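Chain by chain, the residues:
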Amino acid sequence: MNKTQSNYFNMAKAVCDVFDSSRQAWEGKVLIPAAYERLKMLCSSVGTTAAKQHENAPEGHTAAKEEARTVLEDLLFGVGRRLRAYARLEQDAVAEQQSSFSRSSLDLLSLNNLLNHARAIAEVCRVRVEQLRPYEVDEAVLTNLQAAIDKLTTLAAHRDAMMGFRMENTSSIISLLSQTRQELKTLDALVEGFVDDEAFLTVYFNARRLHDVRGGSKKGEE
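Residues numbered from 1 in each chain as written. Predicted model: local features only at pLDDT ≥ 70, side-chain atom pairs only at ≥ 80, totals over all residues. Heavy atoms only, no water.

### Topic: the packing of aromatic side chains
Argument step 1. All chains considered together, the criterion is met by 8 aromatic pairs.
Argument step 2. Taking 5.1 Å as the distance between ring centres and 70° as the angle between the ring planes, the aromatic pair formed by F19 and W26 counts as edge-to-face.
Argument step 3. Here F19 falls in the buried class, since its relative accessible area comes to 0%.
Argument step 4. For the ring pair W26 and Y36, a centre distance of 4.9 Å and an interplane angle of 65° mean the geometry is edge-to-face. (Phe/Tyr/Trp six-rings, centres within 6.5 Å; stacked < 30°, edge-to-face > 60°. Buried < 20%, exposed > 50% of the residue type's maximum accessible area, 1.4 Å probe, protein only.)

Structure, rendered in structure tokens:
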């Protein structure tokens, strides 16, 4: 949640605390108990969704993906240089064309294009593995290259999935807080209409203040 959402959520929880600690002032009032229970359920849902949003933060997954990309680019560049040496000496036009790339050019490729390029290089090397042995490209090297391709593919997919979950949770929080806002407005009307306890009213509307949000008034007008 951003700061404004977090402030609003904290205010809603504070309102729930006021109701919990002053039940004698409202439990017998018309419609208020049901509205309070709806608010409590919404606060619980917001809290659960916010926790999931935090769990699906992309920073760690992005860092792991970028580290795996660097490993793959380094391996790919090394294999590419050896493949190019082979191609020049053996006059293999296909291998030379595939190996014509610089280290910096790999950084400029999109993730999918990098993976496709790596797979193409791996395949070119596999069908020439016997000829490439003198150039220090053997099954072990190709196994390492394939492992790096597979790892980056998996991490990228996982990171994208986390981003999807996070966006879904973020959308849910927006919807839940919107419902919370409407429920609090309903409670305002019910409390003002049916509660006569001045101490409760003072504490309730103090809790309804919006902290650190411009435009918040004493009664928490949105």
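### Some remarks on the side chain of D92
Argument step 1. When you line up the elements, D92 lands in the loop between α3 (59-90) and α4 (93-98).
Argument step 2. Judged by its relative accessible area of 13%, D92 is buried.
Argument step 3. Within polar-contact distance, the side chain of D92 engages the side chain of Y86 at 3.3 Å.
Argument step 4. Of note is the side chain of D92, whose polar atom sits 2.6 Å from the side chain of R128.
Argument step 5. Beyond its immediate sequence surroundings of up to four residues, D92 is in contact with Y86, A87 and R128. (Helix = DSSP H or I, 4+ residues; strand = E, 2+ residues; numbered from the N terminus. Polar contact = N/O pair within 3.5 Å; in protein donor to acceptor, adjacent residues only side chain to side chain. Contact = heavy atoms within 4.5 Å.)

### Description of helix α1 (residues 3-21)
Argument step 1. Between its first and last C-alpha atoms α1 spans 27 Å; for 19 residues at 1.5 Å apiece the expected length is 27 Å, and the two agree.
Argument step 2. Of all the residues in α1, the buried ones are Q5, N7, Y8, F9, M11, A12, V15, C16, V18 and F19.
Argument step 3. Its side-chain oxygen at 3.2 Å from the backbone nitrogen of T4, N2 defines the N-terminal cap of α1. (Expected span 1.5 Å × (residues − 1).)

### Observations concerning helix α9 (residues 198-207)
Argument step 1. Within the sequence span of α9, burial applies to F200, L201, Y204, F205 and A207. The buried residues of α9 occupy one face: seen down the axis, they fall within an arc of 150°. Facing away from the buried side of α9 by more than 90 degrees, the exposed set consists of E198 and A199.
Argument step 2. Backbone nitrogen of A199 and a side-chain oxygen of the N-cap are separated by 3.0 Å at the start of α9; the cap is D197. (Arc of directions from axis to C-beta.)

### Focus on the state of the cysteines
Argument step 1. If you walk through the whole model with that rule in mind, you get 0 disulfides.
Argument step 2. Of the cysteine sulfurs around C43, a residue in no disulfide, the closest is that of C16, at 4.0 Å. (Disulfide = S-S within 2.5 Å.)

### Quick word on the environment of E123
Argument step 1. Assignment of secondary structure puts E123 in helix α6 (residues 111-126).
Argument step 2. The class of E123 is partly exposed, set by a relative accessible area of 42%.
Argument step 3. In the structure, E123 is positioned 19 residues away from L142 in sequence and 9.2 Å away in space, judged by C-alpha atoms.

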